[in-house]
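One-letter residues, chain by chain:
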Amino acid sequence: MEKILVTKATLPEFDEFTNEIKDIWKSHWLTNMGVKHQALQKELKEYLEAENIELFTNGHMALEMALQALDLQGEVITTPFTFASTTHAIVRNGLTPVFCDINPDDFTIDVNKIESLITDKTCAIMPVHVYGNVCDVEAIEKIAQKYNLKVVYDACHTFGVKYKGVGTANFGDVSCFSFHATKVFNTIEGGAACFKDQVLGQKLYNLKNFGIHGPESVEAVGANAKLNEFCAAMGLCNLRHVDDEIEKRRKIYELYCQGLTGIPGIRFNKIKENVHSNYAYYPIVINPDEYGATRDDVIDKLAEHDIFVRKYFYPLTNEFDCYVGKGYVGDTPIAHRISQQVLTLPMYGDLDDVVVESICKIILEQ
Ligand SMILES: *Cc1c(COP(=O)(O)O)cnc(C)c1O
């Protein structure tokens, strides 16, 4: 059997991409909000049902610049059960992360624990729609209104996800997406910030393009986080196939669920009511006392069969070397336990059914 990794980047047919980039050879316009960028921005605005959208060079810069555009100071309540990017975006803005624990079932922020972490320094909440599970957006909205806090969602896992029929681009002050190679939809590297407030849009644009507005007009102290034309062209191609990709993933999700149901000590991620999922990841949580082996044992066993899964998310961001000893507040025992017990199984549209079945069998027979 060939090596199976946790994901495999989606690519359009070679000819589809070369056709898409042909005009670039005519125009010699390689970046700076060219026709591909404009076309992709328009198509993604529709697909994500965003009121406004600004494309970025990657998801991280969208997150970092979203926080910066909101002119925040002080503490941001967030969770450590996420990719490095979320916490780094807070800290790199000179803000202080305050860590809130997560729900044990869907791994998103436990909204019942947010209020006790609010101080007079709290300026924002930065929740994460982990694995495509949508946070309790209604409760978060209520808390934000009550305490006058901004909300920036790390929506990087929720491309195409809807909650009660509404795209996740619509929640909070800003929702940020990643179009990294490993995500459900990719532009090789890329990202977007979605938002309602037009003024915020101007600030985001300034931040991603040096504050330049015309040949002789520089309005703000911006940086550079523009999506280039080749990446935008890849996005235009991949977007044509993303619904097929999600449908293929749905079938794999169901195969895994069938194969893993009823194994003692193995718990998998149930999609919440009212959520239209994108099947971005297939995490399982292994309780070693009930299952009879640890998460790491399962990883080793799968590796013997050339199947390489990921401890995603382990370690927690508040356990990273760069954050230990910084005095950041917030106990997160549930996040800690889940990070010790979770692994994400291979998940991508082209994953063979036979491989999924053999993964389930290996886990069953451990
Ligand atoms: C991928 C990801 C990011 C960062 O996105 P990049 O496009 O890789 O910069 C941030 N947060 C989460 C949860 C992610 O999965």
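A short tour of the structure in this document, coming up. (Residues numbered from 1 in each chain as written. Predicted model: local features only at pLDDT ≥ 70, side-chain atom pairs only at ≥ 80, totals over all residues. Heavy atoms only, no water.)

**What about the sheet that holds strand β6 (residues 150-154)?**
Argument step 1. Pairing in this open sheet of 7 strands is mixed, and the strands run β2-β10-β9-β6-β5-β3-β4 from one edge to the other. With one partner strand each, in any of the chains shown, β2 (52-56) and β4 (96-99) form the two edges of the open sheet. Within this sheet the neighbouring strands show an average axis-to-axis angle of 25°, counted without direction.
Argument step 2. In the sheet, strand β5 (residues 122-126) pairs with β6 via 2 bridges, with the strands oriented parallel. Across the sheet, residue Ile 125 finds its bridge partner in β6, namely Val 151. (Pairing = 2+ DSSP bridges. Helix = DSSP H or I, 4+ residues; strand = E, 2+ residues; numbered from the N terminus. Axes fitted to C-alpha atoms, helices over the stretch in contact; angles between N-to-C directions.)

**A few points about the side chain of Glu 245**
Argument step 1. Relative to the helices and strands, Glu 245 is located in helix α7 (residues 229-260).
Argument step 2. Residues in contact with Glu 245, not counting those within four places in the same chain, are Thr 10, Val 184, Tyr 348 and Gly 349. (Contact = heavy atoms within 4.5 Å.)

**A short note on the packing of helix α1 (residues 14-27) against α7**
Argument step 1. It is at 9 Å that the axes of α1 and α7 come closest, and there the two elements cross at 145°. Here α1 and α7 pass one another in a crossing that is right-handed. Across the interface between the two elements, Glu 16, Phe 17, Glu 20, Ile 21, Ile 24 and Trp 25 of α1 pack against Glu 229, Phe 230, Ala 233, Met 234, Leu 236, Cys 237, Arg 240 and His 241 of α7.
Argument step 2. Partitioned by chemical class, the residues of the contact of α1 with α7 number 9 nonpolar, 1 polar and 4 charged. (Left-handed = near helix turned anticlockwise from the far one by under 90°. Nonpolar A, V, L, I, M, F, W, Y, C, P; charged D, E, K, R; others polar.)

**Points about the packing of aromatic side chains**
Argument step 1. Going through the model one piece at a time under the given rule, you end up with 21 aromatic pairs.
Argument step 2. The interplanar angle of 90° and the centroid separation of 5.4 Å between the aromatic rings of Phe 107 and Tyr 131 together place this pair among those described as edge-to-face. In this pair, Phe 107 sits in the loop between β4 and β5 while Tyr 131 sits in the loop between β5 and α5 (137-147), placing the two residues 24 residues apart along the sequence.
Argument step 3. Tyr 131 sits in the buried class, given a relative accessible area of 2%.
Argument step 4. Ring plane angle 15° and centroid distance 5.9 Å describe the contact between Tyr 131 and Phe 313, whose orientation is recorded as stacked. Placement of Tyr 131 in the loop between β5 and α5 and of Phe 313 in the loop between β16 (307-308) and α10 (333-341) is noted, with a sequence separation of 182 residues between them.
Argument step 5. The structure contains a cluster of three or more aromatic residues connected by ring pairs, namely Phe 81, Phe 107, Tyr 131, Tyr 281, Tyr 312 and Phe 313. (Phe/Tyr/Trp six-rings, centres within 6.5 Å; stacked < 30°, edge-to-face > 60°. Buried < 20%, exposed > 50% of the residue type's maximum accessible area, 1.4 Å probe, protein only.)

**Comments concerning the site of the ligand**
Argument step 1. Neighbouring the ligand are 15 residues, the closest being Gly 59, His 60, Asp 154, Ser 178 and Lys 183.
Argument step 2. Between Gly 59 and the ligand, the recorded distance is 2.8 Å, taken from a backbone N or O atom to an oxygen atom.
Argument step 3. Here an oxygen atom of the ligand and a side-chain polar atom of His 157 are 2.8 Å apart.
Argument step 4. Look at the ligand: alone it shows 380 Å² of surface, and the protein chains cover 93% of it.
Argument step 5. Looking at which element gives the most residues to the shell around the ligand, the answer is helix α3 (residues 59-69), with 3 residues.
Argument step 6. When its residues are assigned to classes, the shell around the ligand shows 4 nonpolar, 9 polar and 2 charged. (Near = heavy atom within 4 Å. Polar contact = N/O pair within 3.5 Å; in protein donor to acceptor, adjacent residues only side chain to side chain. Areas by Shrake-Rupley, 256 points an atom, 1.4 Å probe, with all protein chains shown as cover.)

**A short note on the sheet that holds strand β17 (residues 342-345)**
Argument step 1. With antiparallel pairing, the 3 strands of this open sheet are ordered in space as β13-β15-β17. Strands with a single pairing partner mark the edges of an open sheet, and in this sheet they are β13 (266-268) and β17. Along the sheet, successive strands turn relative to each other by an average axial angle of 30°, direction set aside.
Argument step 2. In this sheet, strand β15 (residues 282-286) lies alongside β13 in antiparallel orientation, the contact comprising 3 bridges. Following the sheet pairing, Arg 267 is matched in β15 by Val 285.

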